[in-house]
Amino acid sequence: MSDFGPVQTRSPVLTVRRVDAYYAITIVAPQVAERFRSGQFISVAVGGDQSSMLLRRPFAIHDVKPDYGGTVEFLFSVRGQGTAWLAERRSRDLLDVVGPLGRPFPLPRDPVNCVLAGGGSGSAVLFPLAQSLRRRGCRVDFVIGAASADRVFSAITARRAAATATFTTDDGSFGLRGRLTDALGQVIEDARSDVVYACGPMPMLREVTAIAGVYGIPVQVSVEEAMACGTGICMSCVIPVVGEDGITRMARSCVDGPVFRGERVRFDDIGTIPFDALGAPGWKAQSGEGGVADREAG
Amino acid sequence: MSPDMRTRLGRVELDNPVLAASGCAGSGRELAQFFDIARIGAVVTKSVMLEPHAGRPAPRMAETPSGMVSAIGLQGPGVEVFLQRDLPWLMSRGGRAVVSVAGSGVAEYQELARRISGAEGVEMVEINLSCPNPAAQGRHFADDAAEAARIVHAVRSNTRSDIPVFAKLAPDVPDLTALAGACVEAHADGLSMINSVRGMAIDPRTLRPAVAGGMGGVSGPAIRPIAVGCVYEVHTAFPDVPIIGMGGVRTGADALEFLAAGASAVAVGSVNFSDPSACVRILRELEEALAERGVSRVAEVVGAAHRNGGAAPNR
Ligand SMILES: Cc1cc2nc3c(=O)[nH]c(=O)nc-3n(C[C@H](O)[C@H](O)[C@H](O)COP(=O)(O)O)c2cc1C
Ligand code: FES
């Protein structure tokens, strides 16, 4: 319908690859590829037309290439029936894809120093970002953390795409033993970073945001929330985010995000409705809460 | 020859009988990225309340077999923003609006009806009765036929007379036909059914309810037989009352099933999440299914299951 918004396509699978603990699927999707900006994601239907798995699975876009008019690659690990089904796809199978979805990473106007921090498969979104940043003359430093060596994604690409690449694993099987956030401060100091970009689990994003705060530099975080629609209509993916006007709203991760300014996200209040959020109970008179029956349909 | 898809809901005639269900299409803006929103019969807008509402804490949703459990808690910006921003947008795209209202008591529903029926471009009003009644320990208005009737009466008498008012029913009530009857007696012009079915999913890892707050509403194809049964039953009792049928509509064949059970229109809910072009696809599939059967007007199949000798004999 428009040149900017998402499209829904039936896209042939080009390749399915095993990459350590992950799978990478490349699809031919020119309309998605041409609209894509780094930080955006796609959602993929799983299980076929009459699937009992109703909900699409969201995946960060890991790579976009001009081949065959435009290809898109995404990365996942098998975590349930849906991703197991995807892992069994073969070249030329068709996937029902919607994208690109979500707000992309804002890019700096000037060639500044950027540190990119990715936890687990969250590092996938940072690769196209690194490319965009380098095209603008930015210095890029990677900090990638994972549970173990086989979950460190694309160490070679990270080294190639960045001035430095630092790796941490929980078990010490690759790079430094410890967490990504243990190493981040040193990288910021050494690289004289001006801005942080991060993607990964919520506790990690929270710590990354705190560290960026210590150094007084801005941080953009990409959240990985559970999503039912990915298009902004179901309101299932909300987190409390402070707006420009200082008011906290329950913002949709899929369309208001997934990229937010770190300091705007109320990490400590995720999973709650903060009492001062717009429209929170008590915001006006609280009405008969408690008990199993107090669910509004919808 | 393509069949005549026009359908009548009280005083209002829609170009076709495929609607987007409340809470599953916002006010149409997001879905309009995927198709021309003016092509579907109408958009039933997300239930609007008088004031902004933050909704329930996350997690709000879990996938279940052929469906999902959700508890969103009616997050929305309140009626003022809805009337200033969302409704005018839908009008500007040529979309037709069925405005769903939700409140915590007669006074709020009344005030909402007044505000909404004064606005430009409101085709119909749908009353979401599956809202907790603070005066009844949070039980839903729909759980008590007399309470539901009071709400319907309040909305009907505060809405412009040329705007049909539909009452939206929940399936899991003590006596659905009695609830429908109470709403009709309170001058509802029609009935929408069904809202989601109360249920729960337990997270297999934490062994705690997967949706914050425990109970949620089950929606999607999993509930379709329940919904079709509800429509059939209520149409049997009130054959002249128009029904908007919903619950798991995924294909044109599903839509036809609801029409045959007695619905004059169908609304597509959760399937919009999995397929953002679902409404127009289902409309096309329904048209094809009717053409294949040689049906020239969609109105001909409404209630067909009742005329063909009713339920098939037991064998
Ligand atoms: C996420 C979600 C939000 C909903 N919000 C509303 C709402 O605001 N008002 C309402 O009357 N029904 C609401 N519903 C119920 C739907 O309109 C519909 O009645 C129900 O989901 C059954 O249809 P389906 O199986 O096609 O989804 C909601 C359903 C879902 C899944
Ligand atoms: S996933 Fe539905 S609104 Fe974000």
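In case you missed it, the structure is sitting above this.
First things first, this report covers the structure right here in the doc. Quantities reported herein were computed from a predicted structural model and do not represent experimental measurements. (Residues numbered from 1 in each chain as written. Chains lettered and ligands numbered in written order. Predicted model: local features only at pLDDT ≥ 70, side-chain atom pairs only at ≥ 80, totals over all residues.)

Observations concerning the nonpolar core
All names here are of chain B.
Reasoning step 1: Within the largest apolar cluster, 202 residues are counted, with the highest numbers of intra-cluster contacts made by Leu19, Ala20, Ala148, Cys183 and Val266.
Reasoning step 2: For this core, the leading source of residues is helix α3 (residues 145-157), giving 7 residues.
Reasoning step 3: Look past the residues within four positions of Cys183 in its chain and what remains in contact with it is Ala148, Ala149, Val152, Ala167, Ala188 and Leu191. (Core = buried A, V, L, I, M, F, W, Y, C linked by C-beta atoms within 7 Å. Buried ≥ 20, exposed ≤ 12 C-beta atoms within 10 Å, placed from the backbone. Helix = DSSP H or I, 4+ residues; strand = E, 2+ residues; numbered from the N terminus. Contact = placed C-beta atoms within 7 Å.)

Points about the packing of helix α5 (residues 180-191) of chain A against helix α6 (residues 202-215) of chain A
Residue and element names in this part refer to chain A.
Reasoning step 1: Taken N-terminus to C-terminus, the directions of α5 and α6 make an angle of 25°; their axes are 10 Å apart at the nearest point. Our classification of the angle between α5 and α6 gives roughly parallel. Relative to α6, the crossing made by α5 is right-handed. Note on element contacts: α6 touches α5 through Met204, Glu207, Val208, Ile211 and Tyr215, opposite Leu180, Thr181, Leu184, Gly185 and Ile188.
Reasoning step 2: Partitioning the contact of α5 with α6 into residue classes produces 7 nonpolar, 2 polar and 1 charged. (Axes fitted to C-alpha atoms, helices over the stretch in contact; angles between N-to-C directions. Parallel < 35°, antiparallel > 145°, perpendicular 65-115°, else oblique. Left-handed = near helix turned anticlockwise from the far one by under 90°. Nonpolar A, V, L, I, M, F, W, Y, C, P; charged D, E, K, R; others polar.)

A short note on the pairing of strand β13 (residues 243-246) of chain B
Residue and element names in this part refer to chain B.
Reasoning step 1: What you see with β13 is no split at all: Ile243 and Gly245 on one side and Ile244 and Met246 on the other are buried throughout.
Reasoning step 2: By the bridge criterion, 3 bridges tie strand β10 (residues 190-193) to β13 in an arrangement that is parallel. If you follow Met193 over to β13, its bridge partner there is Gly245.
Reasoning step 3: A crossover connection joins β13 to the parallel strand β14 (residues 265-268) through helix α6 (residues 252-261); in handedness this β-α-β unit is right-handed. (Pairing = 2+ DSSP bridges. Right-handed = clockwise from strand over helix to strand, strands pointing away.)

Quick word on the packing of α6 of chain B against helix α8 (residues 278-292) of chain B
Residue and element names in this part refer to chain B.
Reasoning step 1: Put simply, α6 and α8 touch, their axes get as near as 7 Å, and they point 65° apart. Regarding the angle of α6 to α8, the classification is roughly perpendicular. For α6 against α8, the interelement crossing comes out right-handed. Residues Gly252, Ala253, Ala255 and Leu256 of α6 touch α8, and the partners they reach there are Ile282, Glu285, Leu286, Glu288 and Ala289.
Reasoning step 2: In terms of residue class, the contact of α6 with α8 is made up of 6 nonpolar, 1 polar and 2 charged.

Function cannot be read off these values alone, since they describe shape.
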